[in-house]
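Tertiary structure, described
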Amino acid sequence: MTTSSSERGVSLGMPELPAPAYPDDVRARLETDAREVIARYPDSRSALLPLLHLVQAEEGHVTRTGMRFCAEMLGLTTAEVTAVATFYTMYRRRPSGDYQVGVCTNTLCAVMGGDAIFEELQEHLGVGNGETTDDGKVTLEHIECNAACDFAPVVMVNWEFFDNQTPSSARRLVDDLRAGRPVTPTRGAPLCTFKETARVLAGFPDERDGAVESGGSAGPASLVGLKLAKGEGASARVVHPRGEAARTEAPHDPSPTEHLSSHDAPQDTSASDPSHPSPPTTPDGGASPRPADSAGPAAEEGE
């Protein structure tokens with residue numbers, strides 16, 4: 001039995017035509033920016049990544065026209081440019097929204113609620129992974145890791161952090177984005193559109209008032225280890241040690257270094273159960289043997 005080419009999904013029609021060029025005015029403007037980027041590198045080929053961000057800033061995704069432009073500016077083939085553009089997930093290959101909402105569904109964020117957040121947003125927005133809402137505002141995607149595990153579960157909007165999220169806080173976040181209401185990231189620069197973000201990633205300054213100064217840094221939970229390594233006392237514990245009662249100080253106003261977001265979920269942390277403390281350790285660091293009368297698997301094995 002033979003299978004026709006149409007049944008196999010193979011097209012035997014005409015090959016795809018070359019990508020159209022940019023209009024003359026757009027081409028002239030992009031060439032000026034591209035030459036500035038290329039001049040930063042001893043080898044022009046090294047400018048490919050920022051040039052892909054540059055053309056993405058023009059149309060909101062990397063089009064065939066954009067890849068043709070990059071190839072012509074760098075003396076590469078379109079196949080070489082396509083190989084790079086399809087390798088990195090930050091380059092979009094089809095039209096996308098003004099706001100790229102990425103939900104971390106890697107192990108820790110998933111366990112802490114990332115999967116529930118992603119499912120909630122899919123249902124609430126009526127889109128699947130990589131799809132955009134009808135109004136062109138939000139593109140939803142799951143991300144393998146946002147490199148912010150100590151603030152899990154984390155959502156990113158145009159690569160800006162929204163920490164300690166819940167399904168309800170994430171739903172409120174996307175509603176505000178679609179309605180055009182002000183949205184403040186937990187850390188980092190003020191939020192801007194995806195095209196504006198792409199231009200910054202291409203290496204051009206963020207010219208918005210106060211954007212650079214408010215860039216911030218890692219949050220307190222990320223810096224605890226660094227402070228301890230420097231011999232400094234940790235300013236606060238995220239979770240108290242086992243056996244120690246939870247702290248009962250009254251809530252305080254966040255300091256500027258805490259970068260609390262208008263869309264943070266409640267900041268409560270899990271507390272250890274004082275009635276089930278960890279067993280004492282032996283000199284070599286291992287756990288002491290269970291008492292002879294202890295219940296559980298160890299006792300059952302001796303029965």
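Residues numbered from 1 in each chain as written. Predicted model: local features only at pLDDT ≥ 70, side-chain atom pairs only at ≥ 80, totals over all residues. Heavy atoms only, no water.

By the secondary structure assignment, Asp 163 is in the loop between β5 (160-162) and α6 (167-179). Separated by 2.9 Å, the side chains of Asp 163 and Arg 187 make a polar contact. (Helix = DSSP H or I, 4+ residues; strand = E, 2+ residues; numbered from the N terminus. Polar contact = N/O pair within 3.5 Å; in protein donor to acceptor, adjacent residues only side chain to side chain.)

Okay, the layout of surface pockets next. Picture a little ball the size of a water molecule; that probe, rolled over the atoms, points out where space is still empty. Here the second largest pocket is characterised by a volume of approximately 350 Å³. Around the second largest pocket sit 20 residues that line it, and Tyr 88, Thr 89, Tyr 91, Arg 92 and Glu 141 are the ones nearest its centre. A per-element tally of the lining of the second largest pocket places strand β3 (residues 138-143) first, with four residues. When its residues are assigned to classes, the lining of the second largest pocket shows eight nonpolar, seven polar and five charged. (1 Å grid on protein atoms, 1.4 Å probe; cavity = no way out; pocket = protein on both sides within 12 Å on 5 of 7 lines; lining within 4 Å. Points joined across faces, edges and corners; volume = space filled by probe spheres on them. Nonpolar A, V, L, I, M, F, W, Y, C, P; charged D, E, K, R; others polar.)

With that out of the way, let us pick up the pairing of strand β1 (residues 99-104). The element β1 is extensively covered by neighbouring structure, given that six of its six residues are classed as buried. A two-sided burial pattern is seen for β1, the buried positions comprising Tyr 99, Val 101 and Val 103 on one face and Gln 100, Gly 102 and Cys 104 on the other. Pairing of β1 with strand β4 (residues 155-157), which is carried by three bridges, proceeds in the antiparallel orientation. Residue pairing for β4: Gly 102 is matched across the bridge by Met 156. (Buried < 20%, exposed > 50% of the residue type's maximum accessible area, 1.4 Å probe, protein only. Pairing = 2+ DSSP bridges.)

As a further point, take the packing of aromatic side chains. Two aromatic rings are characterised by how far apart their centres lie and by the angle between their planes. All chains considered together, the criterion is met by three aromatic pairs. Here Phe 87 and Tyr 88 contribute two aromatic rings whose centre-to-centre distance is 4.9 Å and whose plane-to-plane angle is 85 degrees, an arrangement assigned as edge-to-face. Look at Phe 87 and you get exposed, because its relative accessible area is 61%. Residue Tyr 88 is classed as partly exposed on the basis of its relative accessible area of 38%. Pairing Tyr 88 with Tyr 91 gives two aromatic rings, centres 6.3 Å apart and planes at 85 degrees, and the pair type is edge-to-face. The class of Tyr 91 is buried, set by a relative accessible area of 6%. In this structure an aromatic cluster arises from ring pairing among Phe 87, Tyr 88 and Tyr 91. If you follow Arg 187 out to its NZ or CZ, it ends over the ring of Phe 161, 4.1 Å from the centre. The ring of Phe 204 is capped by Arg 199, whose NZ or CZ atom sits 4.2 Å from the centre of that ring. (Phe/Tyr/Trp six-rings, centres within 6.5 Å; stacked < 30°, edge-to-face > 60°. Lys NZ or Arg CZ within 6 Å of the ring centre and 35° of its normal.)

Core analysis: the biggest nonpolar cluster contains 25 residues, and Leu 51, Leu 52 and Val 81 have the highest contact counts within it. Looking at this core, the elements with two or more residues in it are α1 (24-38), α2 (48-59), α3 (64-74) and α4 (78-85). Leave out the neighbours within four places in its chain, and Leu 51 touches Ala 34, Val 37, Ile 38, Cys 70, Met 73 and Leu 74. In this structure, Ile 117, Leu 121, Leu 177 and Val 183 belong to the second largest nonpolar core, which totals 19 residues. (Core = buried A, V, L, I, M, F, W, Y, C linked by side-chain atoms within 4.5 Å. Contact = heavy atoms within 4.5 Å.)

The N-to-C vectors of α1 and α3 enclose an angle of 50 degrees; their axes lie 11 Å apart at closest approach. With respect to α3, the axis of α1 lies oblique. For the pair α1 and α3, the sense of crossing is right-handed. Touching Arg 27, Leu 30, Glu 31, Ala 34, Arg 35 and Ile 38 of α1 are Phe 69, Glu 72, Met 73 and Leu 74, all from α3. Its residues placed into classes, the contact of α1 with α3 shows six nonpolar, no polar and four charged. (Axes fitted to C-alpha atoms, helices over the stretch in contact; angles between N-to-C directions. Parallel < 35°, antiparallel > 145°, perpendicular 65-115°, else oblique. Left-handed = near helix turned anticlockwise from the far one by under 90°.)

The next point concerns the sheet that holds β1. On the basis of which strands lie adjacent, the open sheet formed by five strands has the order β2-β3-β1-β4-β5 and mixed pairing. Since the sheet does not close on itself, it has two edges, and those belong to β2 (131-132) and β5, each with one partner. Both β2 and β3 contribute to a ladder of two bridges, which runs antiparallel. Among the inter-strand pairings, Thr 132 is bridged to a residue of β3, identified as Thr 139. Across the sheet, helix α5 (residues 107-125) lies against β1, β3 and β4, angled at about 140 degrees from β1, the strand it touches most.

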